[in-house]
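# Report on the structure
Chain residues, written in single-letter form:
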Amino acid sequence: MTDLEAPLRRAAPALLGYAAVRALGLVVLAVWSAARGKSAHTLLTARWDALWYTRVADLGYGYEVRLPNGDVHSNLAFFPLLPWLERLMHAVSPLSYADGGLVVSLLASLAAAWGIFAVAEHVHGRTAGVYAVLLWAVLPVGIVQSMAYSESLFTALAAWSLYAALTGRWLTAGSLALLAGLTRPVGLAVVAAVWAAGVTSFVRDRSTAPAPGARNWRRALGLVLAPLGAAGYVLWVGHRTGKGPLGYLDVQAGWRNGFDGGAAFARFVGEKFTSFPSALAGVGLIAGVGLVLWLYVVGVRQGQPLPLLVYTGVVTALALCASSYFGSKPRLLMPAFPLLFPLALALVRLRIPRSAWVVGGVAVASAVYGAFWLNGTGPP
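Here the structure is a predicted model, which means the values were calculated and not measured.

Within the chain one finds 18 helices and two strands. Here the C-alpha atoms of the chain give a radius of gyration of 21 Å, agreeing with the 21 Å that 2.2 N^0.38 yields for 380 residues. Along the first, second and third principal axes, the C-alpha set of the chain runs to 65 × 60 × 50 Å. Looking at the 380 residues of the chain, the share that counts as buried comes to 48%. Nonlocal contacts in the chain, meaning residues at least 24 apart in sequence, comprise 74% of its contacts between residues at least 6 apart.

Right under this line is the structure:
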């Protein structure tokens, strides 16, 4: 048995369950879309952010759209790793850029599921790892994991970087954090988590026996590597736009996207209570935010390692405190997979038939909701 076969066999139930849930979601999407005269393939590969990524892959950076209200939507807002991979897939196969992005996303979603299993198993055991993966699969916005978006790619890099940091594989952790930083702005969360793991490891070594020189060297190099992806792209954008190190913030401002501490989101929620039945949506939004915060607190109480808490905290803060695209917040929260660990532990305590019914029922509901949501008018 090779070094890869044993971990893969341990993760096999989680990966098979994940593939089954995603297959269900795609089948329901295909049927729903056909009934509405739409193409499921187009919905997965050629709408919203997927179009921006394929345009970068095809034409490079420099494309922008000027809206009547004066906003400027520049493709510099989209980090380059997914378009690079789309371009690579197109170069080595007959796939289009869009289909290359779909293949990358599908493969990355499996890698993400395996990484989530590895982290959850390391922290809470194998059964919890299986349930954590299934819960990630049945998220209401789980269909995004099968789109030509960057969420699956980012989650895969983040999960394996976190696992490497938790197990002391510093060069791997830093390299994967570098790649995560080239995938989405929230790559900063992975960098922060790797640094948290490195600092706590250093403090622990100082309080016990000094670490061997090779380990110190690898840890230091891993911490240096971690921020280079995000920092490199942001600085390159600043140089290209001629606006210096903070030029990327100006690009995001053109999309009316920024960090305001959640003020705009709070106003958005408050406006829901000015009429009925939109007030029900407001109640749902408040309940959703409350659930996210409660799961984070439970994770703290259950002793999740500091790197996971740092990572989840940064992802959650960036998602909830961004100033626009409120309908996309569930998607932006999707990489915060450690939030699911308390729910996974709750399922572990149930009898297997009951937990299977729970997961199966939610999977069906998620598939139906994903098809309904993706056939709507707004971006996910």
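In a regular helix each residue adds 1.5 Å, so 16 residues correspond to 22 Å; helix α7 (residues 151-166) covers 22 Å between its end C-alpha atoms and thus fits that length. Across the 16 residues of α7, 13 count as buried, placing the element largely inside the fold. Looking at the residues trailing α7, positive phi occurs at G168, about 75 degrees.

In this structure the tally under the stated criterion is 19 aromatic pairs. Between Y61 and Y233, the ring centres sit 5.8 Å apart and the planes meet at 45 degrees, which makes this aromatic pair tilted. With Y61 in the loop between α3 (49-59) and β1 (64-66) and Y233 in helix α11 (residues 228-241), the pair connects residues that are 172 residues apart, well separated along the chain. Given the relative accessible area of 16%, Y61 is considered buried.

Right, let's get into a nonpolar patch on the surface. Judged by side-chain polarity, W195, V199, F202 and V203 come together as a nonpolar surface patch covering roughly 370 Å² of accessible area. Position of V203 among the secondary structure elements: in helix α9 (residues 187-207). Here V203 falls in the partly exposed class, since its relative accessible area comes to 49%.

Here the focus is the side chain of T54. Inspection of the secondary structure assignment puts T54 in helix α3. For T54, the contacting residues outside a window of four places in its chain are E86, Y97 and A98.

The next thing to look at is helix α5 (residues 97-124). Here α5 spans 39 Å end to end across 28 residues, near enough to the 40 Å set by a 1.5 Å rise per residue. Positive phi appears at G125, one or two residues downstream of α5, with a value of about 105 degrees.

Below, the discussion takes up the packing of helix α6 (residues 126-137) against helix α17 (residues 341-348). For the pair α6 and α17, the least separation of the axes is 8 Å and the interaxial angle reads 120 degrees. Relative to α17, α6 is oriented oblique. As α6 packs across α17, the resulting crossing turns out to be right-handed. Side by side, α6 and α17 meet where T127, A128, Y131, A132 and L135 of the first sit next to F341, L343, A344, L345, L347 and V348 of the second. Of the residues belonging to the contact of α6 with α17, the class tally is 10 nonpolar, one polar and no charged.

We note that W48 has phi near 55 degrees; this positive angle belongs to a residue other than glycine. Here W48 shows up in the loop between α2 (40-45) and α3. The class for W48 is buried, based on a relative accessible area of 16%. Unusually for a residue other than glycine, R256 sits at a positive phi of about 55 degrees.

Cut-offs used in this document
- Residues numbered from 1 in each chain as written.
- Predicted model: local features only at pLDDT ≥ 70, side-chain atom pairs only at ≥ 80, totals over all residues.
- Heavy atoms only, no water.
- Helix = DSSP H or I, 4+ residues; strand = E, 2+ residues; numbered from the N terminus.
- Rg over C-alpha atoms; globule rule 2.2 N^0.38 Å.
- Buried < 20%, exposed > 50% of the residue type's maximum accessible area, 1.4 Å probe, protein only.
- Contact = heavy atoms within 4.5 Å.
- Expected span 1.5 Å × (residues − 1).
- Phe/Tyr/Trp six-rings, centres within 6.5 Å; stacked < 30°, edge-to-face > 60°.
- Patch = residues over 30% accessible without salt bridge, like charges linked within 9 Å, V, L, I, M, F, W, Y side chains within 5 Å.
- Areas by Shrake-Rupley, 256 points an atom, 1.4 Å probe, with all protein chains shown as cover.
- Salt bridge = Lys/Arg side-chain N within 4 Å of Asp/Glu carboxyl O.
- Axes fitted to C-alpha atoms, helices over the stretch in contact; angles between N-to-C directions.
- Parallel < 35°, antiparallel > 145°, perpendicular 65-115°, else oblique.
- Left-handed = near helix turned anticlockwise from the far one by under 90°.
- Nonpolar A, V, L, I, M, F, W, Y, C, P; charged D, E, K, R; others polar.

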